[in-house]
Amino acid sequence: MTSIWLVYERGNVARNRFFIGKWEEAAAARGVGLNLVLYEDLAFGIQEGRPFVAHHGGLHLPDAAVMRLNQPLLSAQLELVGIAVFNNARVARICNDKRLTHQLVSGLAPAMDTVFLRGDEAYSPLPYPVVLKAVHSCGGRQVYLARDREAFLQAMQELDGAEALAQAMSDTPGRDVRAYVLGREIIAVMMRRSDTDFRSNIGQGGDAVPFGLSARDEAVVRQIIGLFDFGLVGIDFIFHQGRLVFNEIEDAVGTRMLFSSGHGDIVARYLDLILNNLERK
């Protein structure tokens, strides 16, 4: 029987029970052994000169792991011991660091001016208003809008030394577009919007509607897909001067928009992609 670990950090399990349940249903329907595994229950490192991963409860290592957390080091370790990882360690390393993502994508897609911060800046490196983001932020958390130096310093204090970047603010705040990508396929495109916050994240009170990409924008998405070997991700854009500009790639991407827009089979499709990948190998 094929064995798969669904890996979460302990604190994120309760609010993802619906999604976890979908994985359990899809696995049972396909005769796959699925285990919910907590990051806190794993030990990994080097033992007798070889990489190892061990589960404190004694679970045997799986054939594949679905990573629903930002732990690129663990993803790389799992790959070293022969486990197929989704998303893989390269995707996790680059897409969970907004600086690395912008470095890689910069030649393919327009983006807002972006400055990588040291953490000791007393003045904005860009004209106000400026958006400050922790490089590992997700869901709109650790993202701040500074309209003047006082707000900039307050945001830097809130970031508290976290690795961060500053970006020029787009001229259309509260709107963004996410292209959901499964493998090499664009499976849905949604526009998120908020009339009360410059962030349009669903977790920050935004809502979502289907969105049609222009041929030009779809070509950009496909070029980005060509840079990676994705499992399931969201490629995000914001609006500026009447067009889409690249924003970020979400690794352990949320799926509420997919479920609410008629894509309730997303987990089953993702699991089938994983099983097909294992079969090919």
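Structure's up top.
Not measured: the values here are computed from a predicted model.

### Points about the sheet that holds strand β12 (residues 185–193)
Point 1. Here we have five strands laid out as an open sheet, ordered β13-β12-β11-β14-β15, and antiparallel in their pairing. Looking along the sheet, the strands with just one partner apiece sit at the ends: β13 (207–210) and β15 (243–250). If you compare each strand with its neighbour and ignore which way they point, the axes differ by 30 degrees on average.
Point 2. Pairing of strand β11 (residues 175–182) with strand β14 (residues 232–240) involves seven bridges; the strand directions are antiparallel.

### Brief notes about the packing of helix α1 (residues 17–29) against helix α8 (residues 266–280)
Point 1. Where α1 contacts α8, the axes come no closer than 9 Å and their chain directions differ by 55 degrees. As the angle between them shows, α1 and α8 are arranged oblique. The two elements α1 and α8 meet at a crossing, and its hand is right-handed. Between α1 and α8, the residues in contact are F19, K22, W23, A26 and A27 and V267, A268, Y270, L271 and I274, respectively.
Point 2. Per-class residue counts for the contact of α1 with α8 are nine nonpolar, no polar and one charged.

### Structural notes on the side chain of S124
Point 1. With respect to the secondary-structure elements, S124 resides in the loop between β7 (114–116) and β8 (130–134).
Point 2. Judged by relative accessible area, S124 falls into the buried class, the value being 16%.
Point 3. Apart from residues no more than four positions distant in its own chain, S124 is found in contact with V130 and F152.

### A short note on the nonpolar core
Point 1. Within the largest apolar cluster, 30 residues are counted, with the highest numbers of intra-cluster contacts made by W23, Y180, Y270 and I274.
Point 2. Looking at this core, the elements that each hand over two or more residues are β1 (3–8), α1, β5 (64–67), β6 (84–86), β11, β12, α7 (256–260) and α8.
Point 3. Excluding anything up to four places from it in sequence, Y270 contacts W23, V66, F86, N87, L182, G231 and L232.
Point 4. Within the second largest apolar cluster, 25 residues are counted, among which are V177, A179, I186 and V221.

### Details of helix α5 (residues 149–159)
Point 1. For α5, the complete set of buried residues consists of F152, A155, M156 and L159. Projected onto a plane normal to the axis of α5, the buried residues spread over an arc of 100 degrees and lie on a single side. Along α5, the residues that are exposed and aim more than 90 degrees away from the buried face are E150 and Q157.
Point 2. In this structure, the buried side of α5 is in contact with β8, β9 (143–146) and β10 (164–168).
Point 3. One side-chain oxygen at the N-terminal end of α5 lies 3.3 Å from the backbone nitrogen of E150; it belongs to D148.

### Focus: the pattern of salt bridges
Point 1. Taken as a whole, this structure holds 13 salt bridges when the rule is applied.
Point 2. R118 is paired through a salt bridge with D120; the nearest N and O atoms lie 2.8 Å apart.
Point 3. Across the pair R118 and E121 runs a salt bridge whose closest N-O atoms are separated by 3.8 Å.
Point 4. By relative accessible area, R118 is classed as exposed at 66%.
Point 5. Residue classification places E121 among the buried residues on the basis of a relative accessible area of 11%.

### Digging into the environment of A188
Point 1. Here A188 shows up in strand β12.
Point 2. Residue A188 is classed as buried on the basis of its relative accessible area, which comes to 9%.
Point 3. When the C-alpha positions of A188 and F86 are compared, they lie 19 Å apart, and in sequence the two are 102 residues distant.
Point 4. Sequence-distant contacts of A188, defined by excluding residues within four places in its chain, comprise R178, A179, Y180, L258 and H263.

### So, the environment of P125
Point 1. You can see P125 is positioned in the loop between β7 and β8.
Point 2. Judged by its relative accessible area of 37%, P125 is partly exposed.
Point 3. With 40 residues separating them in the primary sequence, P125 and L165 have C-alpha atoms 10.0 Å apart.
Point 4. Discounting chain neighbours no more than four positions away, the residues touching P125 are V115, L117, F152 and A166.

### A short note on the sheet that holds β9
Point 1. The sheet built from four strands is open, its strands ordered β7-β10-β8-β9 with antiparallel pairing. Each having just a single partner strand, β7 and β9 make up the two edges of the open sheet. The average angle at which neighbouring strand axes cross in this sheet is 20 degrees, direction not considered.
Point 2. Here β8 pairs with β10 via five bridges, running antiparallel.

Rules of the game
- Residues numbered from 1 in each chain as written.
- Predicted model: local features only at pLDDT ≥ 70, side-chain atom pairs only at ≥ 80, totals over all residues.
- Heavy atoms only, no water.
- Pairing = 2+ DSSP bridges.
- Helix = DSSP H or I, 4+ residues; strand = E, 2+ residues; numbered from the N terminus.
- Axes fitted to C-alpha atoms, helices over the stretch in contact; angles between N-to-C directions.
- Parallel < 35°, antiparallel > 145°, perpendicular 65-115°, else oblique.
- Left-handed = near helix turned anticlockwise from the far one by under 90°.
- Contact = heavy atoms within 4.5 Å.
- Nonpolar A, V, L, I, M, F, W, Y, C, P; charged D, E, K, R; others polar.
- Buried < 20%, exposed > 50% of the residue type's maximum accessible area, 1.4 Å probe, protein only.
- Core = buried A, V, L, I, M, F, W, Y, C linked by side-chain atoms within 4.5 Å.
- Arc of directions from axis to C-beta.
- Polar contact = N/O pair within 3.5 Å; in protein donor to acceptor, adjacent residues only side chain to side chain.
- Salt bridge = Lys/Arg side-chain N within 4 Å of Asp/Glu carboxyl O.

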